[in-house]
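The primary structure of each chain is shown beneath.
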Amino acid sequence: MNILRAFGEQIGIFTSPDRSREKQLTLVGSGPASAAPPLTAPDVEPIEIEIPHCCFYCSWCESPILLPHDSLGFAFGGPQIRKIEARSIGTICASCGHVGTYSLFRGCQGHSTRHKFVPSLLTGRTVLLDWLPCEEETCVFKLPFFVTFDEDLTEQNLKEWAPKWLWNDLTCSVGHTVQPPRWLFEMRPHRAGLDLARAGVQRPR
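Residues numbered from 1 in each chain as written. Predicted model: local features only at pLDDT ≥ 70, side-chain atom pairs only at ≥ 80, totals over all residues. Heavy atoms only, no water.

1. Quick notes on the overall build of the protein chain
Right, on to step 1. Helix and strand counts for the protein chain come out as three helices and seven strands.
Right, on to step 2. Secondary structure elements of the protein chain, listed N to C terminal, follow the sequence α-α-β-β-β-β-β-β-β-α.
Right, on to step 3. A burial count over the protein chain gives 38% of its 205 residues as buried.
Right, on to step 4. When contacts within the protein chain are restricted to residue pairs at least 6 apart in sequence, long-range pairs at least 24 apart make up 59% of them.
Right, on to step 5. As displayed, the protein chain offers around 13,800 Å² of accessible surface, 54% of which is attributable to carbon and sulfur atoms. (Helix = DSSP H or I, 4+ residues; strand = E, 2+ residues; numbered from the N terminus. Buried < 20%, exposed > 50% of the residue type's maximum accessible area, 1.4 Å probe, protein only. Contact = heavy atoms within 4.5 Å. Areas by Shrake-Rupley, 256 points an atom, 1.4 Å probe, with all protein chains shown as cover.)

Have a look at this one:
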């Protein structure tokens, strides 16, 4: 019996509970566990990407007017990528308030050798606001008119600002005079602009 007890003590069978606990192995340190420092995500700076813009120069003050080409429906791109068929576009110069006709196609109204494609960061939201007819009843070339909404010009205050713009000399792509749109003088709000960067192929209304 003494031999069995001696053997049992060596392998931990007949040892007392206290002695047994002392000999137990543990995977955790005997001291209090120290709290691990919380993991913090590294500071990540947003990546700003330049995209192709049409750079037009205002016919009156010569300030550059930058419009993202995809928001223009790739109007001045190849036939395979165009979302609208237009030889010229109309827009507003934010510097002087003049509305003008611009084009990157040679021989079309509003073309200038200074106008070009440039890479630039995206600012604001450029939308197709309307298709404007000219005074010539037989003309089929409506002018797509674009504006860029930002902190100053919004969909809410558009009807407040647009009547103050200078609409002189606005023409369609073949040179016929385009009058200010009728919705400028209507009481109801103008319909929302169309974001061509997210839209499909469009046809003049």
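2. Quick look at the pairing of strand 4 (residues 99-102)
Right, on to step 1. On strand 4, burial covers both faces: Val-99 and Thr-101 on one face and Gly-100 and Tyr-102 on the other are all buried.
Right, on to step 2. By the bridge criterion, four bridges tie strand 3 (residues 89-92) to strand 4 in an arrangement that is antiparallel. The residue bridging Ile-89 from the neighbouring strand is Tyr-102, located in strand 4.
Right, on to step 3. In textbook terms, the turn of a hairpin is the stretch between consecutive antiparallel strands, and for strand 3 and strand 4 this stretch comprises six residues, one of which, Gly-97, has a positive phi near 80 degrees. (Pairing = 2+ DSSP bridges.)

3. As for the pairing of strand 1 (residues 50-57)
Right, on to step 1. The sheet contact formed by strand 1 and strand 5 (residues 116-121) spans six bridges and is antiparallel. Paired with Glu-50 across the strands is Leu-121, a residue of strand 5.
Right, on to step 2. When strand 1 meets strand 2 (residues 64-68), the two strands line up antiparallel, connected through five bridges. For Cys-54, the partnering residue across the bridge sits in strand 2 and is Leu-67.
Right, on to step 3. The antiparallel pairing of strand 1 with strand 2 creates a hairpin that spans six residues between the two strands, and Glu-62 there sits at a positive phi of about 65 degrees.

4. Section: the packing of aromatic side chains
Right, on to step 1. Going through the model one piece at a time under the given rule, you end up with five aromatic pairs.
Right, on to step 2. Look at Trp-165 and Trp-167: their rings are 6.1 Å apart centre to centre, the planes differ by 35 degrees, and that puts the pair in the tilted class.
Right, on to step 3. An aromatic cluster of at least three residues, connected via ring pairs, comprises Phe-56, Phe-76, Tyr-102 and Phe-105.
Right, on to step 4. Here the guanidinium or amino end of Arg-87 rests over the ring plane of Phe-105, the centre of that ring lying 4.0 Å away.
Right, on to step 5. Between the NZ or CZ atom of Arg-114 and the centre of the ring of Tyr-57, over which it lies, the distance is 4.1 Å. (Phe/Tyr/Trp six-rings, centres within 6.5 Å; stacked < 30°, edge-to-face > 60°. Lys NZ or Arg CZ within 6 Å of the ring centre and 35° of its normal.)

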